[in-house]
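Chain and residue survey
One-letter residues, chain by chain:
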Amino acid sequence: MLPIYCRFVVHSIQNEPFLFYDMSDINIVDAPPGIEGSGFFATSLDKVIGLARSHSLWPLPFATSCCGIEFMATMGSHYDFGRFGSERLSFSPRQADLLMVMGTIAKKMSPVLKQVYLQMAEPRWVMAVGACASSGGIFDTYSVLQGIDEIIPVDVYVPGCPPRPEAILDGFGKIQELVKNESGRRRNSDQYKQMLASYGIE
Amino acid sequence: MAEITNSDVIQLLNERFGNKVAGLNEPYGLLTIETTKDVIIDVLRFLKEGANTGFSFLTDITAVHYPERNHIAVVYHLHNMAAKIRIRVKVFLHELTPNIPTATVLWNGANWMERETYDFFGVKFEGHPDLRRILNMDELNVHPMLKQYPLEDPNRVDKKDEYFGR
């Protein structure tokens, strides 16, 4: 056994520089577009706030079925949702920025979901994860809500039954893009208020 | 407890109730009888508390809608755990007057089963202490397992044939 072990050690030492080169490839978020000069950097407040918010979203996981299990995998070390600034789940809607609805919503539960949405402070985003939350999925029946967009506005839909963790991460990336590019005035606009009013909110 | 077979139970029921118990049948070995709502509580009490029957466990209460015959059948499943035999008791009601006495006088566990049967089939259990919906949302104004109501939700928009090339 000993000679084989020694060969292995020699081999790994030979490859070491390449190994460390790969692991040191760290991504850093680009600065938003702006004017840069010696000792200063100027950009708009919206862009700075959007940049900060998008990398510090606190999600509220509203998990009712198998999509929730996929989300647990997404939170785990292998997919590591925390890389995107969402390490801290908010199990209270008061502190949450993003409502992630994962699973079948029965009609009896729809007032509960709506109340959770109403308890969230603006700005708030909603992600419908999986076929059931998006459209009712296979449950085309009298007792199941045919998509949560019947009761609350949805920003991003993630397809799949259930979606893999990669799909949930991709949907989260889409939410981050929305957050980054949102105007600071959007939530006060008439269009936004009309949209909420169409759901019977405020 | 001594061994009890289906034929023993049939004999006991015939002695006690005569022609008020009918439709004796044993599909797949499960003893099945039909009776009327006038004597259903007496039949259930006899099966539960009778000296040689001992069906002390109420497994389930449910119903079946037969629209072509204008019937709603209320179905009771009982279990004699000591003798390891089961019995199924059916009562046929007219679908416009689905009223039947409550079995909560015999089993407290019948409470939720009867609420569920009321929720889905609209069967009214007379004397039930709290007969209201248990599973469906309170605003639902139909009893959805009755066959005149569609199974599908009318708000569904993504099941049009054109999306599937039909």
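What counts and how
- Residues numbered from 1 in each chain as written.
- Chains lettered and ligands numbered in written order.
- Predicted model: local features only at pLDDT ≥ 70, side-chain atom pairs only at ≥ 80, totals over all residues.
- Helix = DSSP H or I, 4+ residues; strand = E, 2+ residues; numbered from the N terminus.
- Buried ≥ 20, exposed ≤ 12 C-beta atoms within 10 Å, placed from the backbone.
- Contact = placed C-beta atoms within 7 Å.
- Nonpolar A, V, L, I, M, F, W, Y, C, P; charged D, E, K, R; others polar.
- pLDDT = per-residue confidence, 0-100.
- Core = buried A, V, L, I, M, F, W, Y, C linked by C-beta atoms within 7 Å.
- Pairing = 2+ DSSP bridges.
- Axes fitted to C-alpha atoms, helices over the stretch in contact; angles between N-to-C directions.
- Parallel < 35°, antiparallel > 145°, perpendicular 65-115°, else oblique.
- Left-handed = near helix turned anticlockwise from the far one by under 90°.
- Arc of directions from axis to C-beta.

**Re the overall build of chain B**
Tallying secondary structure elements over chain B gives 3 helices and 7 strands in all. Starting at the N terminus and walking to the C terminus, you meet the elements of chain B as α-β-β-α-β-β-β-β-α-β. Expressed as lengths along the three principal axes of its C-alpha atoms, the size of chain B is roughly 65 × 40 × 30 Å. By the burial criterion, 22% of the 166 residues in chain B qualify as buried. In chain B, 52% of the contacts between residues at least 6 apart in sequence involve partners at least 24 apart.

**Structural notes on the overall build of chain A**
Per the secondary structure count, chain A includes 7 helices and 6 strands. Along the chain direction, N to C, the helices and strands of chain A fall in the order α-β-β-α-β-α-β-α-β-α-β-α-α. Expressed as a percentage of its 202 residues, the buried residues of chain A come to 27%. Long-range contacts, defined as pairs at least 24 residues apart, comprise 77% of the intrachain contacts of chain A with a sequence gap of at least 6.

**Thoughts on the interface of chain A and chain B**
With 11 residues of chain A at the contact, the number on the chain B side is 10 residues. Its residues assigned to classes, the side of chain A that touches chain B shows 2 nonpolar, 5 polar and 4 charged.

**Points about the confidence of the model for chain B**
Considering every residue of chain B, the mean pLDDT works out to 91; 99% of them sit at 70 or more. Per the prediction output, this complex has pTM 0.82; the corresponding ipTM is 0.79.

**Concerning the nonpolar core**
Judged by nonpolar contacts, the single largest core of 33 residues is most densely connected at L98, L99, M100, V101, M127 and V129 of chain A. Breaking this core down by element, the ones donating at least two residues are strand 3 (59–63), helix 3 (66–75), strand 4 (98–102), helix 4 (110–119), strand 5 (125–129), helix 5 (130–135), strand 6 (156–158) and helix 6 (165–181) of chain A. Beyond its immediate chain neighbours, meaning those up to four positions away, L98 of chain A contacts L57, P59, L60, W125, M127 and I175 of chain A. Grouped together as the second largest cluster of nonpolar side chains are 28 residues, F55, L58, V74 and L93 of chain B included.

**Let's talk about the sheet that holds strand 1 (residues 22–25) of chain B**
Residue and element names in this part refer to chain B. Overall, mixed pairing links the 5 strands, which are arranged 1-2-5-4-3 in an open sheet. Of all strands in the sheet, those bounded by a partner on one side alone are strand 1 and strand 3 (57–66). With direction set aside, neighbouring strand axes in the sheet form an average angle of 15 degrees. Two elements, strand 1 and strand 2 (residues 31–35), share 2 bridges in a ladder whose sense is antiparallel. Paired with A22 across the bridge in strand 2 is E34. Packing of helix 1 (residues 6–17) onto the sheet brings it into contact with strand 1, strand 2 and strand 5 (85–94), and relative to strand 2 it is tilted by some 15 degrees. Contacts from helix 2 (residues 40–49) reach strand 2, strand 4 (71–80) and strand 5 within the one sheet, and its direction differs from that of strand 5 by about 175 degrees.

**Notes on the environment of A31 of chain A**
Tracing the backbone shows A31 of chain A in the loop between helix 1 (2–23) and strand 1 (35–37). Linking A31 of chain A and V129 of chain A, residues 98 residues apart in sequence, is a C-alpha distance of 30 Å.

**Digging into the environment of K47 of chain A**
Counting through the fold element by element, K47 of chain A comes out in helix 2 (residues 45–54). Once the C-alpha coordinates of K47 of chain A and N181 of chain A are considered, the two residues, 134 residues apart in sequence, prove to be 7.0 Å apart.

**As for the pairing of strand 5 of chain B**
Side-chain direction in a regular strand flips from residue to residue, so the side chains alternate between the two faces of the sheet. Residue and element names in this part refer to chain B. Burial of the side chains of strand 5 is restricted to one face: I85, I87, V89, V91 and L93 are buried, whereas none of R86, R88, K90, F92 and H94 on the reverse face is. Here strand 2 pairs with strand 5 via 5 bridges, running parallel. Bridging from a neighbouring strand, L31 pairs with I87 of strand 5. Looking at chain direction, strand 4 and strand 5 are connected through 10 bridges and run antiparallel. Considered in strand 5, the bridge of Y76 is made with V89.

**A few points about the packing of helix 2 of chain A against helix 6 of chain A**
Residue and element names in this part refer to chain A. In the contact formed by helix 2 and helix 6, the axes pass within 7 Å of each other and the chain directions differ by 155 degrees. Classed by the angle they form, the pair helix 2 and helix 6 counts as roughly antiparallel. Classified by chirality, the crossing of helix 6 by helix 2 is right-handed. Residues G50, L51, R53 and S54 of helix 2 form the contact with helix 6, whose participating residues are Q176, V179, K180 and N181. Taken together, the residues of the contact of helix 2 with helix 6 sort by class into 2 nonpolar, 4 polar and 2 charged.

**Overview of the packing of helix 3 of chain A against helix 6 of chain A**
Helix-helix packing: each pair is described by the crossing angle between the helix axes and the interaxial distance. All names here are of chain A. Where helix 3 meets helix 6, the closest approach of the two axes is 9 Å, and the angle between their N-to-C directions is 80 degrees. Regarding the angle of helix 3 to helix 6, the classification is roughly perpendicular. Contacts between helix 3 and helix 6 involve E70, F71, A73 and T74 on the former and, on the latter, P165, I168 and L169. Partitioning the contact of helix 3 with helix 6 into residue classes produces 5 nonpolar, 1 polar and 1 charged.

**So, helix 2 of chain B**
Residue and element names in this part refer to chain B. Among the residues of helix 2, those classed as buried are V43, L44 and L47. Seen along its axis, helix 2 keeps its buried residues to an arc of 95 degrees; they face one direction. Where helix 2 is buried, its residues touch helix 1, strand 2, strand 4 and strand 5.

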